[in-house]
Amino acid sequence: MAKKKQQQQVENHVSGQANKPLSRPAHALHHPTVVEEIKADVQDGLTTSEAKSRLDEYGRNAFGDSGGVQPAKILLRQVLIMAMAVSFGIESWIEGGVVTAVIVLNIVVGFWQEFNAEKTMDSLRSLSSPTASAVRDGRTISIPTAEIVPGDMVEMRTGDTVPADVRLVEAVNFETDEALLTGESLPVRKDADATFDDDTGPGDRLNVAYSSSTVTKGRARGIVFATGMHTEIGSIASALNAKSSRRRRVKRDPEGHAKPHRYLEAWTLSTSDAVGRFLGVNVGTPLQKKLSRLAILLFGIAVVCAIIVLAANSFSSNKEVIIYAVATGLSMIPASLIVVLTITMAAGTKRMVERHVIVRNLKSLEALGAVTDICSDKTGTLTQGKMVAKKAWVPAKGTYSVGTSNEPFNPTMGELSFDPLPPSKIDFRKAEAEGHAVTYTELLENNRFLEDYLNVASLANLAHVYENQNGDWNARGDPTEISMQVFASRFDWNRTRLTSGDDAPWKQIAEFPFDSDVKKMSVIFKEKRTDERHVFTKGAVERVITSCTSIYLNEGDEPTEVTEDIRNEVLQSMESLAALGLRVLALASRTYSGQIDDVNEINRQEVENDLTFRGLIGLYDPPRPESASSVRACHEAGISVHMLTGDHPGTARAIAAEVEILPSRMDRISKDVADSMVMTASQFDKMSDDDIDALPVLPLVIARCAPNTKVRMIEALHRRKLFAAMTGDGVNDSPSLKRADVGIAMGQAGSDVAKDASDIVLTDDNFASILNAIEEGRRMFDNIQKFILHLLAENIAQACTLLIGLAFKDVRGLSVFPLAPVEIMWVIMITSGMPDMGLGFEVAVPGILQRPPQNLTRGVFTLEVLVDMVVYGLWVATLCLASFSLVLYGFGDGNLGENCNATYSEACDTVFRARATCFACLTWFALFLAWEMIDMRRSFFRMQPGSKRYFTQWMHDVWRNRFLFWAIIAGFVTIFPTLYIPVINHDVFKHTGISWEWGIVFISTFLFFLGVESWKWAKRIYFRKTAKKAGNNTQDLEARTFGHYMSESPSTSGSDQDKAGQMKEKSGQ
């Protein structure tokens, strides 16, 4: 009831209001009024007891609760298997006891494994436990964010994450990054003293700091007025987490009335949904649903098989016939199928955690293996997310370059070099393009132009770069500003040296933070030596150059007026640097003679005018070392990689080429295809769906990307029948993450809302981890195919053996069974569950990333699997029946005795021996078939193609998977007690110990391996010829990936559709 009431409160919550509504929204009230109404204390904060009371009243500051592990539900899922089996109504104590043992074993193993799997998934729901600084009992303490309550006084500084929605009381130069909520990519300046109208939108409430936003600058204090689902970001999370009711709604007319038949319709549909959930056909992952439907189909087949057994014996009421009919039916039911699937998926999630991937949605495990396209962000995913200043251009002097360094914060690492030419006239492809190496003291000598440039780089900058007591260099602040500060520090022009201490040459007067409209950041400093005031500005090149009226182009004392030609030359130099993959900013300055009475009343537009252009700086966010190899591996696996980034097109193109998203031979690509490969978001968004579908290829690079662009890209991929994975980190990425076949959130830079919308989370924000996830997805898909094939081939073998065996009739006209009911139960118990679990734990087969994605339309039941299932099942049944017949008729007298299905006698000795031989063969074949399934095409004796252990490699392969090894050995060994222990052999298993018959078992085993290996060899020949016809082995990787776009090849408008068709053809192989 309390939970329902809380949900109703969330649904009725008004944006900007507190958990318990105030007289007006918090942003419309002055902060003393908010403090009074919410009963807070600005000085001492809440008391510990009051905080506990409010925590009980308002609940934890979190975006909902998953409910944890629920053992009762897991147990119920297992009991359903027992209920199905018990419904057969077995009355015999011995057979009934064995069946019960099988069921209990399934329940215990299945429940324990699934319970552990649920616990694993529950423990991975949260990546971290953040903390917040709150004032309690007059002291500032650090407490878990989840324990923050309305009325708490919280303190926030640069780098903190805002713990809840906070009405600011004090804000000093305070800015927050609200991109997670509003989509605004630039920090927002806050004003604690302002008030706004009630209906002001979230993005304009400058007196409120929002939950999950990040403090980028300054410090602030404030009163928490909304927590959990009542926060602005919580409202979005609530909408995403909303679960549909299990009861179908009654369809009503526009006036809200419904006719009686609508109630009947809703009740019928709700009932069918409930039955579907009970049977598992409409819950779980697509594969779980498909296998549940398969289980129902096999149950129907089992009933038919049981009827066949009864009909073959004239529907005799003989107890042995009835039990045999039940056992034959049970042999068709894969009792361990769903349990093994669940355990395989749980084991896969554990393995993925080790590879920096957290699975939030189990359906993604199936989907990962089918991914044909990955849409990835650039910064921090393909790149390291660490800015380094690589180039600096001072127009009057030339271009300065910084060499490679492994320590981005250390200004003493990396060689400085100089070239007198501007970037637009330097051929950076040449080895000498960096210029000649020099020391910073040489560069600074009589170089006032460089000094003016460094003043801007160092002082129009809030980052702090310093060397600690251990000699290590550290930095705080925005990555862009850190990289610029490190560059200035290379010349001993560090901001700390210039502004700290009594003898500091500079003193800050005013600051104009980076603004999204003007795309500039400026400061006013006073030079103590001359008492002059200077304006230092940095920002987007296009914006800064338009504010400049002068520029120094040579060593003269007088500047040159900035003309349109000069602006174009500057922009050309910017393009040259952007082509290197650098983010380019412009620096400018001027002396300021205006009156400064109140810093807050200075007209920014006047300050940032009539500037003198000082130069450009090129910042490099280096690709991760593993990105290029990961992209190549994706191409090898038949996966296209698309880079969707907010960067400049030139920068995006350069990085994409460096990590090999774009082909190296772009000159061989026709113009229309090349134009399609690299686009800006504005170009892409202006196109209609038909125009996009007509493109020869969907863009591999989209620059200046917006959240809506990502959604349109996913839809475009879907229209081409491709299977897409999409990365995202902000709240605005949630729609594209939801729309993608596999939504991938960033664990470090991602928001909680993005994680909730995603299917998997990368804990290291690394593109290579996406490839790890795809490899694990393919491995799991393979393993599921393996144990399904093993299980169903075994079912076919059992069913054929048992049904064909009905032809053996005794003197009474009743069938003499080749396998006793308990033997059937034993084979099901020993050869299915544990070996199939072992197959689920198998490592990836060699070359798993050298083949195209799976086709989820066919799923695990490909034509190859279906044919294999029949071939293996019939071959095993043939050998089992042959061994039974050979003992009975070849070496025996063919006497089938009387009542040999129930008791042992001298007359039944031959039948009992033949039955034991058939039982040994079936058990061993079923166990050894699991080893043969490790690789569905390669020989069991040669599963590692590159190995030089020509005769012993198979020993290493079977020992590698210890679980499967011991499961098979246990089944192999336990057959002997059932054969030779008195009473158990005659009275329970209805067979007897064998001697010379082992020769038949061994020969049959040899023939089993010979048959399976021959079938695999035939498959290898067939698929090798198919691949040769397709020409898959004749081209290099780039030619295979981009060959159909090259000018030598015919260009068509359906290239991606062709790719999808090729994938489907290959996946059938």
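Keep in mind that what you see is a predicted model, and the values were worked out from it rather than measured.

Just give me the short version of the overall build of the protein, but keep the residues and values in it.
Secondary structure summary: the protein contains 38 helices and 28 strands in total. For the protein, with 1069 residues in total, the buried portion stands at 53%. Long-range contacts, defined as pairs at least 24 residues apart, comprise 71% of the intrachain contacts of the protein with a sequence gap of at least 6. When the accessible surface of the protein is totalled, it reaches about 46,900 Å², and 54% of it is carbon and sulfur.

Could you give an account of helix α30 (residues 833–840), with specific residues and numbers?
By the criterion of burial, α30 is predominantly enclosed, with seven of the eight residues buried. Restricting attention to buried positions, one finds in α30 the residues Gly 833, Pro 835, Asp 836, Met 837, Gly 838, Leu 839 and Gly 840.

Report on the sheet that holds strand β25 (residues 701–703), specifying residues and quantitative values.
On the basis of which strands lie adjacent, the open sheet formed by eight strands has the order β8-β28-β27-β26-β9-β23-β25-β24 and mixed pairing. Each edge of the open sheet carries a strand with a single partner, namely β8 (357–359) and β24 (678–680). Looking at each pair of strands side by side, their axes are set apart by 20 degrees on average, direction ignored. Taken together, the three bridges between strand β9 (residues 373–376) and strand β26 (residues 724–728) define a ladder with parallel strand orientation. Across the sheet, the residue bridging to Ile 374 is Ala 725, located in β26. Taken strand by strand, helix α21 (residues 649–658) contacts β23 (640–644), β24 and β25, and its axis lies near 155 degrees from that of β25. Lying over the sheet, helix α28 (residues 767–804) contacts β8, β9, β23, β26, β27 (742–746) and β28 (760–762), oriented at roughly 155 degrees with respect to β9.

I'd love a proper account of the pairing of strand β17 (residues 520–527), names of residues and values included.
In terms of burial, β17 is largely enclosed, as seven of its eight residues are buried. From the end of β17 to the start of strand β18 (residues 532–540), which pair antiparallel, there are four residues, and Asp 531 there has a positive phi angle of about 65 degrees.

Describe helix α15 (residues 479–489), with residues and values.
Extensive coverage of α15 is indicated by the burial of ten of its eleven residues. Looking at α15, one finds that the buried residues are Thr 480, Glu 481, Ile 482, Ser 483, Met 484, Gln 485, Val 486, Phe 487, Ala 488 and Ser 489.

Can you explain the UniProt feature "transmembrane region" (unreviewed entry) in the protein? Please cite residues and give values.
Those places that UniProt annotates as "transmembrane region" (unreviewed entry) correspond, in this numbering, to residues 294–315, 321–346, 787–808, 824–849, 870–892, 912–934, 963–984 and 996–1015. For residues 963–984, the helix share is 86%, the strand share is 0%, and the end-to-end C-alpha distance is 28 Å.

Residue-level account of the confidence of the model for the protein, with values.
With 79% of its residues at a pLDDT of 70 or more, the protein has an overall mean of 80. Between residues 1048–1055, whose pLDDT stays under 50, and residues either more than four places distant or in other chains, the model counts 18 contacts.

Tell me what's going on with the state of the cysteines, and back it up with residues and numbers.
Overall, the coordinates contain one disulfide when judged by the stated rule. In this model Cys 900 forms its disulfide with Cys 908; the gap between the sulfur atoms is 1.9 Å. Where Cys 900 bonds to Cys 908 through sulfur, the torsion about that S-S bond is close to -85 degrees, and the disulfide is left-handed. In terms of burial, Cys 900 and Cys 908 fall into one category: buried.

Please provide a residue-by-residue account of the packing of aromatic side chains, values included.
In total, this model carries 37 aromatic pairs according to the counting rule given. Look at Phe 925 and Phe 1008: their rings are 5.1 Å apart centre to centre, the planes differ by 5 degrees, and that puts the pair in the stacked class. In this pair, Phe 925 sits in helix α32 (residues 909–932) while Phe 1008 sits in helix α36 (residues 997–1030), placing the two residues 83 residues apart along the sequence. By the burial criterion, Phe 925 is buried, and Phe 1008 matches it. When the ring centre of Tyr 552 is taken as reference, the NZ or CZ atom of Arg 448 above it lies at 5.2 Å. Residue placement shows Arg 712 over the ring face of Phe 684; its charged tip is 6.0 Å from the ring centre.

Please give an account of the side chain of Thr 176 that cites residues and values.
By the secondary structure assignment, Thr 176 is in strand β4 (residues 165–177). Judged by relative accessible area, Thr 176 falls into the buried class, the value being 0%. Only 3.3 Å separates the side chain of Thr 176 from the side chain of Glu 178, close enough to count as a polar contact. Apart from residues lying up to four places away in sequence, Thr 176 is in contact with Pro 187, Val 188, Lys 190, Ser 213, Thr 214, Val 215 and Thr 216.

Please set out the nonpolar core residue by residue, giving values where relevant.
In this structure, Phe 613, Leu 616, Ile 661, Met 677, Trp 931 and Phe 1008 are the most contacted members of the largest nonpolar core, which totals 158 residues. Take this core: its biggest share by element is 18 residues, from α28. Excluding its chain neighbours within four sequence positions, the residues that come into contact with Phe 1008 are Trp 875, Val 876, Leu 879, Phe 925, Phe 928 and Leu 929. Membership of the second largest hydrophobic core comes to 36 residues, among which are Val 394, Tyr 453, Phe 536 and Leu 619.

Which residues make up the pattern of salt bridges, and what values go with them?
Close approach of charged atoms allows side chains with opposite charge to pair. The final tally for this structure, using the stated rule, is 35 salt bridges. Taking the shortest distance from any N to any O, the salt bridge between Arg 136 and Asp 152 comes out at 2.8 Å. You can see Arg 136 sitting in strand β1 (residues 131–136) and its partner Asp 152 sitting in the loop between β2 (139–144) and β3 (153–157), a full 16 residues away along the chain. Summarising the burial analysis for this pair, Arg 136 and Asp 152 share the class buried.

Tell me about empty space enclosed by the protein, and please be specific about residues and values.
All chains considered together, the criterion is met by seven cavities of 30 Å³ or more. In this structure, the second largest cavity encloses a volume near 50 Å³. What lines the second largest cavity is Val 394, Pro 395, Ala 396, Phe 449, Tyr 552, Phe 613 and Arg 614. Its residues placed into classes, the lining of the second largest cavity shows six nonpolar, no polar and one charged.

Would you mind going over the side chain of Glu 823 in detail, with residue names and values included?
Structurally, Glu 823 is set in helix α29 (residues 821–831). The buried charged residue Glu 823 lacks any salt bridge partner; its closest oppositely charged side chain belongs to Arg 915, at an N-O distance of 4.6 Å.

Please provide a residue-by-residue account of the environment of Phe 781, values included.
Note that Phe 781 resides in helix α28. Judged by relative accessible area, which is 6%, Phe 781 ranks as buried. Sequence separation between Phe 781 and Leu 365 is 416 residues, and the spatial gap between their C-alpha atoms is 7.9 Å. What Phe 781 contacts, discounting residues up to four positions off in sequence, is Glu 366, Gln 854, Leu 856, Gly 859 and Val 860.

Could you give me a rundown of the packing of helix α31 (residues 863–890) against α32, with the residues and numbers involved?
It is the contact of α31 with α32, at a shortest axis distance of 8 Å, that shows an interaxial angle of 155 degrees. Considering their axes alone, α31 and α32 lie roughly antiparallel with respect to each other. Every pair of crossing elements has a handedness; the one defined by α31 and α32 is right-handed. Contacts from Tyr 872, Val 876, Leu 879, Cys 880, Ser 883, Phe 884, Val 887 and Leu 888 in α31 reach Thr 910, Val 911, Arg 913, Ala 914, Arg 915, Thr 917, Cys 918, Cys 921, Leu 922, Phe 925 and Leu 929 in α32. Split into classes, the residues belonging to the contact of α31 with α32 amount to 14 nonpolar, three polar and two charged.

Got a sec to walk through a positive patch on the surface? Specific residues and values, please.
A cluster of basic side chains, namely Lys 519, Arg 543, Arg 583 and Arg 704, defines a positive patch on the protein surface. Note on placement: Arg 583 falls in strand β21 (residues 582–592).

Summarise unusual backbone geometry; cite the residues concerned and give the values.
A positive phi is found at Lys 39, a non-glycine position, where the angle reads about 60 degrees. Looking at the element boundaries, Lys 39 is found in the loop between α2 (31–37) and α3 (48–58). Given a relative accessible area of 66%, Lys 39 falls into the exposed group. You will see that His 356, though not glycine, has its phi angle at about 70 degrees, which is positive.

Describe in detail the packing of helix α20 (residues 627–636) against α28, supporting the description with residues and values.
Two measures define how a pair of helices packs: the angle their axes make with one another and the distance between the axes. One can describe the packing of α20 onto α28 by two numbers: an axis separation of 8 Å at closest approach and a directional angle of 30 degrees. Relative to α28, the element α20 lies roughly parallel. Crossing of α20 against α28: the hand is left-handed. Contacts from Ser 630, Val 631, Ala 633 and Cys 634 of α20 reach α28 at Phe 767, Ala 768 and Leu 771. For the contact of α20 with α28, the residue count by class is six nonpolar, one polar and no charged.

An account of the environment of Leu 695 is needed here, citing residue identities and associated values.
Following the sequence through the fold, Leu 695 ends up in the loop between α24 (689–693) and β25. Leu 695 sits in the buried class, given a relative accessible area of 10%.

Criteria and cut-off values
- Residues numbered from 1 in each chain as written.
- Predicted model: local features only at pLDDT ≥ 70, side-chain atom pairs only at ≥ 80, totals over all residues.
- Heavy atoms only, no water.
- Helix = DSSP H or I, 4+ residues; strand = E, 2+ residues; numbered from the N terminus.
- Buried < 20%, exposed > 50% of the residue type's maximum accessible area, 1.4 Å probe, protein only.
- Contact = heavy atoms within 4.5 Å.
- Areas by Shrake-Rupley, 256 points an atom, 1.4 Å probe, with all protein chains shown as cover.
- Pairing = 2+ DSSP bridges.
- Axes fitted to C-alpha atoms, helices over the stretch in contact; angles between N-to-C directions.
- UniProt positions renumbered as here; feature names shortened; annotations may be inferred.
- pLDDT = per-residue confidence, 0-100.
- Disulfide = S-S within 2.5 Å.
- Phe/Tyr/Trp six-rings, centres within 6.5 Å; stacked < 30°, edge-to-face > 60°.
- Lys NZ or Arg CZ within 6 Å of the ring centre and 35° of its normal.
- Polar contact = N/O pair within 3.5 Å; in protein donor to acceptor, adjacent residues only side chain to side chain.
- Core = buried A, V, L, I, M, F, W, Y, C linked by side-chain atoms within 4.5 Å.
- Salt bridge = Lys/Arg side-chain N within 4 Å of Asp/Glu carboxyl O.
- 1 Å grid on protein atoms, 1.4 Å probe; cavity = no way out; pocket = protein on both sides within 12 Å on 5 of 7 lines; lining within 4 Å.
- Points joined across faces, edges and corners; volume = space filled by probe spheres on them.
- Nonpolar A, V, L, I, M, F, W, Y, C, P; charged D, E, K, R; others polar.
- Lys, Arg positive; Asp, Glu negative; His and termini not counted.
- Parallel < 35°, antiparallel > 145°, perpendicular 65-115°, else oblique.
- Left-handed = near helix turned anticlockwise from the far one by under 90°.
- Patch = residues over 30% accessible without salt bridge, like charges linked within 9 Å, V, L, I, M, F, W, Y side chains within 5 Å.
- Charge placed at Lys NZ, Arg CZ, Asp CG, Glu CD.

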